Structure formats: structure tokens, C-alpha cells
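Single-letter residue listing:
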Amino acid sequence: MGTTSAPATEGAVETRGIEPVPDNERQGRVRELFPTWVAANISVLLLTMGASLVVGNGLNFWQVLLVAAIAAAVAFGMVGVLSVSGKWGGAPGAMLSRAAFGVRGNYFPGAILWVARFGWETINAVTGAYAVLTVLHLLLGIESNNVLVVVTLLAFVAVTYLVSGLGRKALNICNKYSTYLFGLFSIMVLVYLVATMDWDAVFAKKAGTTAMVIAGIGTIAAGGISWVPTGPDFARYLPHSASGKKIVGTTVSGAALVLLPMVLMGGVMAVSNPKLAGQNTDPMSFLGSILPGWLAVPYLITALVGMVLINSLSMYSAGFTAQTMGVKLPRALAVSINAVISLVGGLFMMLVAKDFIGQFIAFLTLLAVSFSAWIGVYGIDMARRRKLAVRYDADSLMNTGRTSRYWYVGGFCWQAMTAWGVALAAGLCFTKVQWFTGPLATTWIGENGLGWAATIAIAALVFAALPTPKESAPAAGPDEAAEARQPVEVG
């Protein structure tokens, strides 16, 4: 799939879609993943989630720190490990998933992942719009109204769409400088909190129960779990020689650099202002009451940039998912579908629905379960491919006909589909949200918010126990086999 013209990623706008990246364009560096995963966590919602650990779960300072650290390691550890498949196959995660589920079977988990992306992008769009409204109020004293809600949400979605259409190189540049800015203002906020908080009250708070700690880990980890299928998208430009261990380490450290202090700051703020975790309709305005205007405004603006980048990363990957699902559009145009849906969904949440934070937590819970069924199957499939001479066949990934290596039986890998379906159903049984309560939600797993973990384990165990799927493809040529035997450095 080489080309004699400029590579698809060299221009300002990336034109490459779901097709695997040829070796001559694999010039990425593992260190480029660091700002990507820093930017993916620049969300002021982490402050609210951190506060909910104190107010809702009853945790103290050290427990909040423990929850944030474990959640970052677990969630983004999975992101990093599954990202390694991106350098193996040079394709997005939604595309590589065809090898596990079959070219037709992949439509089913792909559809759920795609719909989940709509929800995540809608949440981010609403949060970004609220940030703009808060800045306008702090700077100009402008009160929110329906017209202003529509205008700010439309502006946020439009900017997100434009940035996501630029592709990997532009996103890497934006991520780099937004990381510097957000880091600077986050340090300023930390210094302000250290100087003004009642630390005696912070450290005097009693510890919460172990059950609430476990549940808190699931809540914070859910956001990271939603990035797992996206990981290969950003690793596909890495050469085969890239270190798997470095991919995992860079992913976890980039995410933790933001996630830990943000969640901890939210917990500290909640001690002085418990209303922080109960801001049901507007998750941003609390910053104006906790921080002085000279700090709150620039901090919100840099956080707003971060939220644009988060949504841009999500839309970037959603375009690949759309193409994998059969949407016959270039990636940049496929992204427009997500932009329109996030706009409509955002308007509903801001103008009609109530209890934003409650809906957000419910969404995260369902998101974690729906993605976890895919993770369990994909993880076992990766483990098996480590032993193969040819891990992914580029031509078969693009081939949706009967001659594809990944046609299996009628286009479906029945083992993967069975494991995925059983795990997804079981995970929902353990789940309790505002909208419904599963029949197993009162068990120890359900009460401790471990439905996502049970889903991963069930999917992996069932898939591993079933007969190993047999691919039908001609033997690889010597060059292809030699390339695929590059060493793998995931521990």
C-alpha cells in the first residue's frame, strides 16, 4: 500500500482512513503518545468526580489519592497494552477488531462502541459549553439563557469538528502546547489551594469504607476504559520496533500526570465546598466560587482547550469506527455525523434534561460495561496473536468478502461473538444506574461497582475456553513473515 506521492499524513489535513499504514509512513515516536494521553484527560469533570469521592463515597484525602492512582494504572494500563496491536497491524482499533470478531461480526461490538462515542462526545460538548458560559459570566456578568446555550454549544462542536479533521499531526501539536498551558495553570491552582485550604479539616476527615473505595475506582476508571478501543488508533504510526513496554509506560504516565492531581484537587475542594459534587445542572460554575476570577478564568479557558482536544481525539477515532461500520465517506466527513449527533444530544441535555452529573455517572457506568466486553475478547485475541508469524494481514483487514482471512463462518467468529454477548449480558446484570437495575446489582460485585471488571473477566474466560478460531488464509510470504516476527516487548 505504498505510494509515490506525499504520505497521507504529511499535509495539514490527514487523508488516511481505516487502511493500514504502510511501513514507509511508520515514522512516529512513542514519546508522541505522552501529550496525547495528557490531553485526553484535561477535563474539569475530573474535579467534580474527585469531589463526589468525598461527598458521595465518604472517602478521605489518602483514599482519594489511592483511588485515582489505581484507576489511572488499571484503565490506562489496559489502553497501553491494547495499543500495542496498533503497531502490529498499523490500523485503528475498530479495524483490527475485524480479526477477532470477523468482518461481519465486528459490526455488532462496533455499533455499540460507535454509539458510546456519541454519548461521550455529547458529555464533553455540554461540559465545554458550560465552561464558555461560566467564563462569560465571570468576565462580563452575562447570565445564561437558551439562545446563549445554543450559540456556545454550536461554537464548541464546530471548533471540535475542525480540529479533529486535521488529523494526527495537528492533534499532536495542539496536545503538546495545551499540555504546557494546562500544566502551568494547574500548578497555579495547586499553589492557591495549598495556601488557602483548611488542611486541618482536610486531613481530619474520617476514612470511608473499603466498598466505597472499590466503587470509586470503578467510577474514575470508567473514563479511561472508554479510551481502550481507541489506543491502537494513535499507535498505528509507530514502527514495528517500537517498545511495547514504553507504549504502556508512556500511556499510563501521560494520563496519570493529569488524572491524579485533578481528582485530588476535586476532593480537596469538596471539603470546603460540598456543593461541588452536587452541582447537578452546571458542572463548571463552582470554580467561580472557589477560585478568584484572575485564576478561574484562565484556568477554565485552558481547560476548555483541553476539552476541545478530548472531543477531537474522540471524533478522530469515531471517524474510523464509522468507516469500519461501512459508512462510505472519507474519515474527515464521517466525523461530521458524530458532530451533528453530539450537537443534538447536547441541546437536549442543556435545555431539557436535568441532573447532569447523575446522568454523567450513569453514562460512565454503562460505558465501562459496554467497552469491557470488547476488551476481554480483544485482549485474548492479542495474546494469541503474539505467537503467530503474521499477526494481522493488511489485505484481509480491508477485505470484507469471503476471501478474507477473517471471514471465519459466514463473516462471523462465533467464539468471539459468544464470549462478547455472554459477557455484555452478564455485565448489565451487575449494573445499577438511574435508568435500570440489573438482577445481580445487589451482589457483592454489583454493590462494589465491579460490573466492568466482571465483564472483562467473563469475556476473556469464555473466549479462552472456547475452541481457538481458525483463520483461512494462504501462508505468508517470507518478507511478511519476517516483518511480523519483530520482537514484542510487553511484559
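Here, the structure is the one placed above.
As the structure is a prediction and not an experimental result, all values here were calculated from the model.

Caption draft 1: Region of interest: the overall build of the protein. Helix and strand counts for the protein stand at 20 helices and 0 strands. Across the 491 residues of the protein, 58% fall into the buried class. Surface accessibility of the protein: about 18700 Å² in total, with carbon and sulfur atoms responsible for 67%.

Caption draft 2: Focus on the environment of Val-248. As for its position among the elements, Val-248 is in helix α11 (residues 244-272). Looking at Val-248, the relative accessible area reads 18%, which means it is buried. Note: C-alpha distance between Val-248 and Gly-77 (171 residues apart in sequence) is 6.1 Å.

Caption draft 3: Region of the structure containing the packing of helix α17 (residues 414-429) against helix α19 (residues 451-465). Remark: α17 packs on α19, axes separated minimally by 8 Å, with the N-to-C direction vectors making an angle of 155 degrees. With respect to each other, α17 and α19 are oriented roughly antiparallel. Taken as a pair, α17 and α19 cross one another with a handedness that is right-handed. Across from Gln-415, Ala-416, Ala-419, Val-422, Ala-423, Leu-424, Ala-426 and Gly-427 in α17, the residues of α19 making contact are Gly-451, Thr-455, Ile-458, Ala-459, Val-462 and Phe-463. Counted by class, the contact of α17 with α19 contains 10 nonpolar, 4 polar and no charged residues.

Caption draft 4: Structural detail: helix α9 (residues 210-225). Taking 1.5 Å of rise per residue, 16 residues should cover 22 Å, and α9 covers 22 Å from first to last C-alpha, within 8% of that figure. Along α9, the residues classified as buried are Val-213, Ala-215, Gly-216, Ile-217, Gly-218, Ile-220, Ala-221, Ala-222, Gly-223, Gly-224 and Ile-225. Summarising the contacts, the buried residues of α9 are in contact with α2 (45-55), α3 (61-89), α5 (107-140), α11, α15 (356-385) and α19.

Caption draft 5: Spotlight on the side chain of Thr-122. The residue Thr-122 is located in helix α5 in this model. On the accessibility criterion, Thr-122 (7% relative accessible area) is buried. Not counting residues up to four positions away in its chain, the partners in contact with Thr-122 are Ile-341, Ser-342, Gly-345, Gly-346 and Met-349.

Caption draft 6: Layout of the packing of α15 against α19. With their axes 8 Å apart at the nearest point, α15 and α19 run at an angle of 35 degrees to one another. Seen along the crossing, α15 lies across α19 with a hand that is right-handed. Here Ala-368, Val-369, Ser-372, Ala-373, Ile-375, Gly-376, Val-377, Ile-380, Asp-381 and Arg-384 of α15 come into contact with α19, specifically with Gly-451, Trp-452, Thr-455, Ile-456, Ala-459, Ala-460, Phe-463 and Ala-464. Per-class residue counts for the contact of α15 with α19 are 12 nonpolar, 4 polar and 2 charged.

Caption draft 7: Spotlight on the nonpolar core. Counting 137 residues, the largest nonpolar core has Phe-76, Ile-225, Met-269, Leu-287, Leu-291, Tyr-299 and Tyr-392 as its most contacted members. Ranked by the residues each element gives to this core, the list is headed by α15, at 15 residues.

Caption draft 8: The pattern of salt bridges, seen in detail. Throughout the structure, instances matching the rule amount to 3 salt bridges. Across the salt bridge formed by Arg-385 and Glu-471, the nearest N and O atoms sit 2.7 Å from each other. Linking Arg-385 in helix α15 with Glu-471 in the loop between α19 and α20 (478-484), this pair joins segments that are 86 residues apart in sequence. A residue is classified by how much of its surface remains accessible, and Arg-385, at 2% relative accessible area, is buried. Where Glu-471 meets Arg-405, a salt bridge forms, and the shortest distance between an N and an O atom there is 3.6 Å. You can see Glu-471 sitting in the loop between α19 and α20 and its partner Arg-405 sitting in the loop between α16 (394-398) and α17, a full 66 residues away along the chain. For Glu-471, a relative accessible area of 27% gives the class partly exposed. Among the charged side chains, a salt-bridge network with shared partners connects Asp-381, Arg-385, Arg-405 and Glu-471.

Caption draft 9: Up close: the packing of aromatic side chains. Applying the stated criterion across every chain yields a total of 10 aromatic pairs. With a centroid separation of 5.7 Å and an interplanar angle of 80 degrees, the aromatic rings of Trp-37 and Trp-227 are classed as edge-to-face. With Trp-37 in helix α1 (residues 33-39) and Trp-227 in the loop between α9 and α10 (231-235), the pair connects residues that are 190 residues apart, well separated along the chain. As far as the burial class goes, Trp-37 and Trp-227 line up, both buried. Seen in terms of ring centroids, Trp-374 and Tyr-378 are 4.3 Å apart; in terms of plane orientation they differ by 20 degrees. Their pairing is stacked. Note that Trp-374 and Tyr-378 are positioned in helix α15 at a spacing of 4 residues, about one turn of the helix. For Trp-374, a relative accessible area of 1% puts it in the buried group. The class of Tyr-378 is buried, set by a relative accessible area of 0%. Its guanidinium or amino end placed over the ring of Phe-463, Arg-384 lies 4.7 Å from that ring's centre, counting from NZ or CZ. The ring of Trp-88 is capped by Arg-391, whose NZ or CZ atom sits 4.7 Å from the centre of that ring.

Caption draft 10: Geometry of α17. Helix length check: α17, at 16 residues, gives a terminal C-alpha distance of 22 Å against a target of 22 Å (1.5 Å per residue), a fit within 8%. Where α17 is buried, its residues meet α4 (93-101), α5, α15 and α19.

Caption draft 11: Just a nonpolar patch on the surface, in detail. On the surface, a nonpolar cluster with roughly 330 Å² of combined accessible area is contributed by Val-150, Phe-348, Leu-351 and Val-352. You can see Leu-351 is positioned in helix α14 (residues 331-351). The class of Leu-351 is partly exposed, set by a relative accessible area of 36%.

Caption draft 12: Spotlight on unusual backbone geometry. Of note in the backbone geometry, Tyr-408 takes a positive phi value of approximately 55 degrees without being a glycine. Its location among the elements puts Tyr-408 in the loop between α16 and α17. With a relative accessible area of 14%, Tyr-408 lands in the buried category.

Reading guide: rules and limits
Residues numbered from 1 in each chain as written. Predicted model: local features only at pLDDT ≥ 70, side-chain atom pairs only at ≥ 80, totals over all residues. Heavy atoms only, no water. Helix = DSSP H or I, 4+ residues; strand = E, 2+ residues; numbered from the N terminus. Buried < 20%, exposed > 50% of the residue type's maximum accessible area, 1.4 Å probe, protein only. Areas by Shrake-Rupley, 256 points an atom, 1.4 Å probe, with all protein chains shown as cover. Axes fitted to C-alpha atoms, helices over the stretch in contact; angles between N-to-C directions. Parallel < 35°, antiparallel > 145°, perpendicular 65-115°, else oblique. Left-handed = near helix turned anticlockwise from the far one by under 90°. Contact = heavy atoms within 4.5 Å. Nonpolar A, V, L, I, M, F, W, Y, C, P; charged D, E, K, R; others polar. Expected span 1.5 Å × (residues − 1). Core = buried A, V, L, I, M, F, W, Y, C linked by side-chain atoms within 4.5 Å. Salt bridge = Lys/Arg side-chain N within 4 Å of Asp/Glu carboxyl O. Phe/Tyr/Trp six-rings, centres within 6.5 Å; stacked < 30°, edge-to-face > 60°. Lys NZ or Arg CZ within 6 Å of the ring centre and 35° of its normal. Patch = residues over 30% accessible without salt bridge, like charges linked within 9 Å, V, L, I, M, F, W, Y side chains within 5 Å.

So, to be careful, I would describe these as geometric facts and stop short of saying anything about function.
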